[in-house]
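# Breakdown of the fold
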Amino acid sequence: MRVGLVCPYSLDTPGGVQAHILDLAEALIGLGHEVSVIAPADSETELPAYVTSVGRAVPVPYNGSVARLSFGPMTLRRVLRWLREGQFDVLHVHEPISPSVSLLTCLVARGPIVATFHAASQRSRTLAAAHGALQPVLEKITGRIAVSALARRFQVEHLDGGGVEIPNGVAVGKFADADPFPNWPGSGGAIGFLGRFTEPRKGFDTLLSAFLELAPQRSDLRLLVAGPGDPSEVLHRVPVQLRERISILGKISEADKARMLRSVDIYVAPNTGGESFGIILTEAMAAGTPVVASDLDAFRRVLNDGKAGDFFPVGDKSALASVLAQLLDDPARRAEMGREGRAVVAEYDWSVVAARVVEVYHSAIAATAIRGQVTVEEVPAEQLDIELP
Amino acid sequence: MNGVLIVVAVGVLCALYVTWLAARLSRLNARVKATASALSVAANRRACVAIELGEDLKEESVRAAAHAALVASDDRQIAAENDLTRALRKARGHTIDPDAWGQLEAVNRRLAVARQMHNDAVRDTLALRGARTPRGLRLASHLPRPQYFDIDTDLS
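This is a predicted model, so every value here is computed, not measured.

Turning our eyes to something else, we now look at the overall build of chain A. The helix and strand tally for chain A stands at 17 helices and 17 strands. Evaluated residue by residue, chain A yields a buried proportion of 55% over its 389 residues. Long-range pairs, those at least 24 residues apart, make up 70% of the contacts in chain A between residues at least 6 apart in sequence. For chain A, the accessible area works out to roughly 16100 Å², and carbon and sulfur atoms hold 51% of it.

Below is the structure:
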């Protein structure tokens, strides 16, 4: 099958949606399909062979943050050429309501279109308010995929319509085979955290407090933190003699993320809520690292109701400290949790998830009146000759 | 003079808008027809697999429900599909052959996806048909009113 994947966000910066699309592309190629991805990207960014760039994304201040978007006559022309040359059997558009390549592609393409809705973020909520205006775009979508129960609920409530729930995939092999950083995890125990540690919702404060409670009694216990943010905001709360036992890596690549997860004895997800799926938990499980997580529905579901991880009440730092202390002293239980995690995560492996996505592709093709490939709506020729000033 | 031009321009824009609405309605109508036929293919496929499974397992209730679903008239279709789902759910524990059950689960999943796609198409169509202008101008009066197909496909 020839599949065209559309990514709305720039590949210049790492992100969940971008990683999802590239992983899906590789899994589909692994299953024997022909795949082409179109996405905004700078000419200097190194891209896999199957990616076509629509050019540089323009940063637009938007809804309190900066969105890097691609829209305009140049983008339209590249999208049209990609559609014509690609001769796709099915088009798979991600985040179709973000004002970027995805929306544009929906407007001009005809044929089987599958759309994946990712996070139920504040930003997409704002957009959904304009959903009357977006209706002509949504109308062209044959089948919808939601990556989690929460994303599905968001669609039902804000965009009328459900969608097939297919979880995010994990490239299990990449995590299972990664090498730990030199000298990690070490003999004294190491705890890991990944995410925006300055964002309250991620709950890093709870973990830091628990660590500060444990650290004085355990002289070699270390904390490994990765994610964007200013380290000094965290370290000023830490007594000077403990500071060297906290390593903050900053924002890291996908490959380093896998190494980081392999470098710790326990991964902690102290989130206070709002997590739709908890992909990081599946990644930790793929790395064979035991997980301790706040007691959220989404996390309970991913961790197979506690078989593959331990829980603590949301925001309870002393409960977290005692769960961690128990686990640090029980290597047998940790090994057992690691094994259980690997078994659980097998069903999230991209090869399995991609096969479910292909089922939706087949259904979308069967449910489309126009037989044959994805084509382009009639666009007046003069419209294509507009050049950017 | 200017007034006339403005009236003409507004008239042209209105005509374009109405044409665009009519085109959307006819495209949605085609989409509903296509999803309905895909849905009926998916339902028949499930019934066929279920008949075989019923025979292999000597589960007469499954075989009978599957047969009824296969031959049901349009107005009985939804009830017959729900009966079949119920019969399959009961038979679930009795299966010996995981391969046969896996095959049934696969066609059942396809049916659930087909139902979703059809109901999405129906909802989009009804939304546009119900909007003020299409309703006022009776733009969809020559098109059949689409029907939801709400069936239970939960096997667990």
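Our next topic: the interface of chain B and chain A. Taken together, the contact pairs 18 residues of chain B with 26 residues of chain A. Taken together, the two surfaces of chain B and chain A that pack against each other cover about 1800 Å², and 53% of this comes from carbon and sulfur. Area buried by chain B at its contact with chain A is led by R27, R110 and M117 of chain B, which between them contribute 29% of it. Summed over the shared surface of chain B and chain A, the number is two salt bridges. In this structure, R109 of chain B and E359 of chain A form a salt bridge, with 2.7 Å as the shortest nitrogen-oxygen distance. The tally of links between chain B and chain A comes to six residue pairs in polar contact (both at pLDDT 80 or more). Elements with a contribution of two residues or more to the side of chain B that touches chain A: α1 (2-57) and α4 (98-130) of chain B. Partitioning the side of chain B that touches chain A into residue classes produces eight nonpolar, two polar and eight charged.

Residue and element names in this part refer to chain A. If you walk through the whole model with that rule in mind, you get four aromatic pairs over all chains. On the basis of an interplanar angle of 45 degrees and a centroid distance of 4.7 Å, the ring pair of W82 and F88 is categorised as tilted. The two residues W82 and F88 agree in class, both being buried. For the pair F193 and F204, a centre-to-centre distance of 4.9 Å together with 50 degrees between the ring planes defines the contact as tilted. In this pair, F193 sits in strand β11 (residues 190-194) while F204 sits in helix α8 (residues 204-214), placing the two residues eleven residues apart along the sequence. Judged on exposure class, the residue F193 and its partner F204 are both buried. Joined through ring pairs, the aromatic side chains of F193, F197 and F204 make up one cluster. The ring of F311 carries the charged tip of R300 above its face, separated from the ring centre by 4.3 Å.

Let us look at the side chain of S10 of chain A. Relative to the helices and strands, S10 of chain A is located in the loop between β1 (2-6) and α1 (16-30). Residue S10 of chain A is classed as buried on the basis of its relative accessible area of 1%.

The next thing to look at is the confidence of the model for chain A. The predicted model of chain A averages 82 in pLDDT, with 85% of residues at 70 or higher. Overall, residues 380-389 of chain A carries pLDDT values under 50, and its contacts beyond four positions in sequence, including any with other chains, amount to ten contacts.

Soluble, globular proteins show a tendency: their nonpolar side chains are buried together. With 35 residues, the main nonpolar core has L5, L24, L28, V37 and Y361 of chain A as its most contacted residues. Mapped by element, the contributors of at least two residues to this core are β1, α1, β2 (34-39) and α16 (350-366) of chain A together with α4 of chain B. Looking at this core element by element, the count peaks at eight residues for α16 of chain A. With near-sequence residues (within four places) excluded, Y361 of chain A lies in contact with M1, V3, L5, L24, L28, V90, H92 and V114 of chain A. Counting residues in each nonpolar core, the second largest holds 33 residues, with Y267, A269, A284 and V345 of chain A among its members.

Before going further, it helps to examine the environment of V79 of chain A. Residue and element names in this part refer to chain A. When you line up the elements, V79 lands in helix α2 (residues 73-86). When its relative accessible area of 0% is taken as the criterion, V79 is described as buried. C-alpha separation for the pair V79 and S98, spaced 19 residues apart in sequence, amounts to 16 Å. Not counting residues up to four positions away in its chain, the partners in contact with V79 are I38, V54, V101, L104, T105 and V108.

For the rest of this paragraph, the subject is the pairing of β11 of chain A. All names here are of chain A. Burial runs high along β11: four of the five residues are buried. Relative to strand β12 (residues 222-226), β11 runs parallel, the two sharing five bridges. Directly across from F193, in β12, lies its bridge partner V225. Taken together, β11, α8 and β12 constitute a β-α-β crossover, and its handedness is right-handed.

Attention now moves to the sheet that holds β1 of chain A. All names here are of chain A. Sheet architecture is open: seven strands sit in the order β3-β2-β1-β6-β8-β9-β10, paired in parallel fashion. Both outer strands of the open sheet, β3 (51-53) and β10 (164-165), are each paired with one neighbouring strand and no more. In this sheet, β2 lies alongside β1 in parallel orientation, the contact comprising five bridges. If you follow G4 over to β2, its bridge partner there is S36. Its contacts with the sheet place α16 against β1, β6 (90-94), β8 (113-117), β9 (143-146) and β10, and it is angled at close to 120 degrees to β6.

Turning our eyes to something else, we now look at the pattern of salt bridges. Overall, the coordinates contain 21 salt bridges over all chains when judged by the stated rule. For the salt bridge of E26 of chain A with K174 of chain A, the shortest nitrogen-to-oxygen distance reads 3.9 Å. Here E26 of chain A is found in helix α1, whereas its partner K174 of chain A is found in helix α7 (residues 172-176), with 148 residues between them in sequence. Classification of E26 of chain A as partly exposed rests on a relative accessible area of 39%. Its salt-bridge partner being E81 of chain B, residue R46 of chain B comes within 3.1 Å of it at the nearest N-O pair. Here E81 of chain B lies in helix α3 (residues 77-91) and R46 of chain B lies in helix α1, a separation of 35 residues in the sequence. The exposure class assigned to R46 of chain B is buried, which follows from its relative accessible area of 0%. Residue E81 of chain B is classed as buried on the basis of its relative accessible area of 0%. Via salt bridges that share partners, R31, D120, R123 and D124 of chain B belong to a single interconnected network.

Conventions and cut-offs
Residues numbered from 1 in each chain as written. Chains lettered and ligands numbered in written order. Predicted model: local features only at pLDDT ≥ 70, side-chain atom pairs only at ≥ 80, totals over all residues. Heavy atoms only, no water. Helix = DSSP H or I, 4+ residues; strand = E, 2+ residues; numbered from the N terminus. Buried < 20%, exposed > 50% of the residue type's maximum accessible area, 1.4 Å probe, protein only. Contact = heavy atoms within 4.5 Å. Areas by Shrake-Rupley, 256 points an atom, 1.4 Å probe, with all protein chains shown as cover. Buried area = accessible area lost by both parts, 1.4 Å probe. Salt bridge = Lys/Arg side-chain N within 4 Å of Asp/Glu carboxyl O. Polar contact = N/O pair within 3.5 Å; in protein donor to acceptor, adjacent residues only side chain to side chain. Nonpolar A, V, L, I, M, F, W, Y, C, P; charged D, E, K, R; others polar. Phe/Tyr/Trp six-rings, centres within 6.5 Å; stacked < 30°, edge-to-face > 60°. Lys NZ or Arg CZ within 6 Å of the ring centre and 35° of its normal. pLDDT = per-residue confidence, 0-100. Core = buried A, V, L, I, M, F, W, Y, C linked by side-chain atoms within 4.5 Å. Pairing = 2+ DSSP bridges. Right-handed = clockwise from strand over helix to strand, strands pointing away. Axes fitted to C-alpha atoms, helices over the stretch in contact; angles between N-to-C directions.

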